[in-house]
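Each chain, written out:
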Amino acid sequence: MASESNAAENGGVEEGATEPETALETARRQLDHAAEYLSLDQRIVERLRYPKKVHEVTIPIERDGGSVEVFTGYRAQHDSVRGPYKGGLRYHPEVTRDECVGLGMWMTWKCAVMDLPFGGAKGGVAVDPKALSADEKERLTRRFAQELRNVIGPKQDIPAPDMGTDSQTMAWLMDAYSMQEGETIPGVVTGKPPVVGGSEGRAEAPGRSVAIVTKLAREFYDHDLEGTTVAVQGYGSVGANAARLLDGWGATVVAVSDVNGAMYDPSGIDTSSVPSHEEEPEAVTEYAETVIPNGELLTLDVDVLIPAALGNVITEENADAVGADLVVEGSNGPTTSTADATLTERGIPIVPDILANAGGVTVSYFEWLQDINRRSWSLERVNDELETEMRAAWNAVRHEFERRDVTWRDAAYIVALSRIAEAHEARGLWP
Ligand code: NAD
């Protein structure tokens, strides 16, 4: 995982997945589960189990050596009742149609829980980006943009970076699209470099939202951040930003990790002195006096555990050993459904990914607004507005949590699904 590769409003159980459940199965299970709490028109729920459209395209590119290779690309558009489709584009050998559909559904729920005027989509190309030169990647992206040209756009569907794609990929995509349209249209993608219409604060946003909801959750359970002990798995875009902010706000970060293991210091780590994945990849343990395995980090006796590396790391095998009082999901899908049930039984609350890491798509929304208005915002404004949006989403979820006596995850899905269903009811289901 490159640091930029996930700089996206991505969603899904992916890297390191051990759970047999696919992203599509997870998305459908969560939909059905949330629907049980709401008296919804079953026709709407049935509709939401399926994507509106899935575009499949073939992308021939000339390799540097002169040969031609053909790749398959997808864009799954799940639901747009609340606004244009929104979601990442990933370049990964295991990209499939169903994965895009499932992850696109997750984006629908994520945008709705944040009350953003977007629906959900996901796309990608089944290719190993590491096997492509920069020129080949550019040719692939431009050709993919051309193939998707009629189905994306600032009012239709707005891609963003995801695994294997980054701000440069988005700049190429925006350029290819704009060349065809005959005018510069920055709002067709988000996650661009600021020089071509990207937003300040975009890269830091998912980690910032994780830190904000951690603070709000601790307050909810009557604790200050001051003195709160935190363990963070993964020290990349999400993990390092969350850890540093929490450290700066008074928490004691006792463990952080990368793929090689975890740095552990019960008296507190100076998070600014540990290089993030982007600053110096996989170097956390080189700076550590005490190293513990990643698995042990998950079981530390801390106030807050933030998994921020992979999906499916809290599983049936280790859920009984989790020692934290609160889990805040920084990565997508870090808790399997069986582990979720175990933690719930043990009384350990989990703040779900679709709320906790939604700062990414929220600042993407700010980027889109800036592009449409041709006016950029200061970093201070981006961070202030992100805080406002996170508090609003937290309060909406908290309301359902208290009113219905459900888990935080159920409460978040209830908020999302009711908003989507209400919009469908108001607009009417065109059978
Ligand atoms: P990143 O590539 O910047 O960092 C990932 C970190 O995880 C690195 O420190 C890496 O060393 C560590 N890691 C990798 N394999 C590991 C392993 N087996 N055990 C422990 N640590 C391991 O990635 P990121 O952008 O911070 O994304 C992390 C997670 O958050 C992913 O699940 C991603 O889908 C999700 N996410 C990212 C964003 C975003 O915009 N960056 C938004 C929403 C969700």
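Residues numbered from 1 in each chain as written. Predicted model: local features only at pLDDT ≥ 70, side-chain atom pairs only at ≥ 80, totals over all residues. Heavy atoms only, no water.

Examining helix α3 (residues 97–113)
Within an α-helix, residues lying three or four positions from one another point in the same direction, as the helix has 3.6 residues per turn.
Right, on to step 1. Spanning 17 residues, α3 covers 25 Å between terminal C-alpha atoms, matching the ideal 24 Å at 1.5 Å per step.
Right, on to step 2. Among the 17 residues of α3, 15 are classified as buried, and the element is accordingly described as predominantly covered.
Right, on to step 3. Asp-115 occupies a position one or two residues after α3 and carries a positive phi of about 60°. (Helix = DSSP H or I, 4+ residues; strand = E, 2+ residues; numbered from the N terminus. Expected span 1.5 Å × (residues − 1). Buried < 20%, exposed > 50% of the residue type's maximum accessible area, 1.4 Å probe, protein only.)

Here's the deal with the environment of Ala-211
Right, on to step 1. Within the secondary structure, Ala-211 sits in helix α6 (residues 205–220).
Right, on to step 2. Separated by 33 residues in the primary sequence, Ala-211 and Arg-244 have C-alpha atoms spaced 8.9 Å apart.
Right, on to step 3. With sequence-adjacent residues up to four places away left out, Ala-211 is seen in contact with Ala-242, Leu-245, Leu-246 and Trp-249. (Contact = heavy atoms within 4.5 Å.)

Quick notes on the packing of helix α4 (residues 134–148) against helix α5 (residues 167–181)
Right, on to step 1. Between α4 and α5, the least distance of the axes is 9 Å, while the angle of their chain directions is 45°. One element, α4, and the other, α5, form an angle in the oblique class. Here α4 and α5 pass one another in a crossing that is right-handed. In this structure, α4 uses Ala-134, Lys-137, Glu-138, Thr-141, Arg-142, Ala-145 and Gln-146 to contact α5, whose residues at the interface are Thr-169, Trp-172, Leu-173, Asp-175, Ala-176 and Gln-180.
Right, on to step 2. Tallied by class, the residues present in the contact of α4 with α5 amount to five nonpolar, four polar and four charged. (Axes fitted to C-alpha atoms, helices over the stretch in contact; angles between N-to-C directions. Parallel < 35°, antiparallel > 145°, perpendicular 65-115°, else oblique. Left-handed = near helix turned anticlockwise from the far one by under 90°. Nonpolar A, V, L, I, M, F, W, Y, C, P; charged D, E, K, R; others polar.)

Some words on the pairing of strand β3 (residues 85–91)
Right, on to step 1. Among the seven residues that make up β3, seven are buried, leaving the element largely enclosed by the rest of the structure.
Right, on to step 2. Two elements, β3 and strand β4 (residues 119–125), share five bridges in a ladder whose sense is parallel. Each residue of the ladder has a partner; that of Lys-86, found in β4, is Gly-120.
Right, on to step 3. In this fold, β3 hands off to α3, which returns the chain to β4; that crossover is right-handed. (Pairing = 2+ DSSP bridges. Right-handed = clockwise from strand over helix to strand, strands pointing away.)

Observations regarding the environment of Lys-192
Right, on to step 1. Relative to the elements of secondary structure, Lys-192 occurs in the loop between α5 and α6.
Right, on to step 2. A relative accessible area of 4% means that Lys-192 is categorised as buried.
Right, on to step 3. For the pair Lys-192 and Ser-167, spaced 25 residues apart in sequence, the C-alpha to C-alpha distance is 4.6 Å.
Right, on to step 4. Sequence-distant contacts of Lys-192, defined by excluding residues within four places in its chain, comprise Ser-167, Met-170, Met-174, Pro-186, Gly-197, Gly-198, Glu-367 and Asp-371.
Right, on to step 5. Of note is the side chain of Lys-192, whose polar atom sits 2.9 Å from the backbone oxygen of Pro-186. (Polar contact = N/O pair within 3.5 Å; in protein donor to acceptor, adjacent residues only side chain to side chain.)

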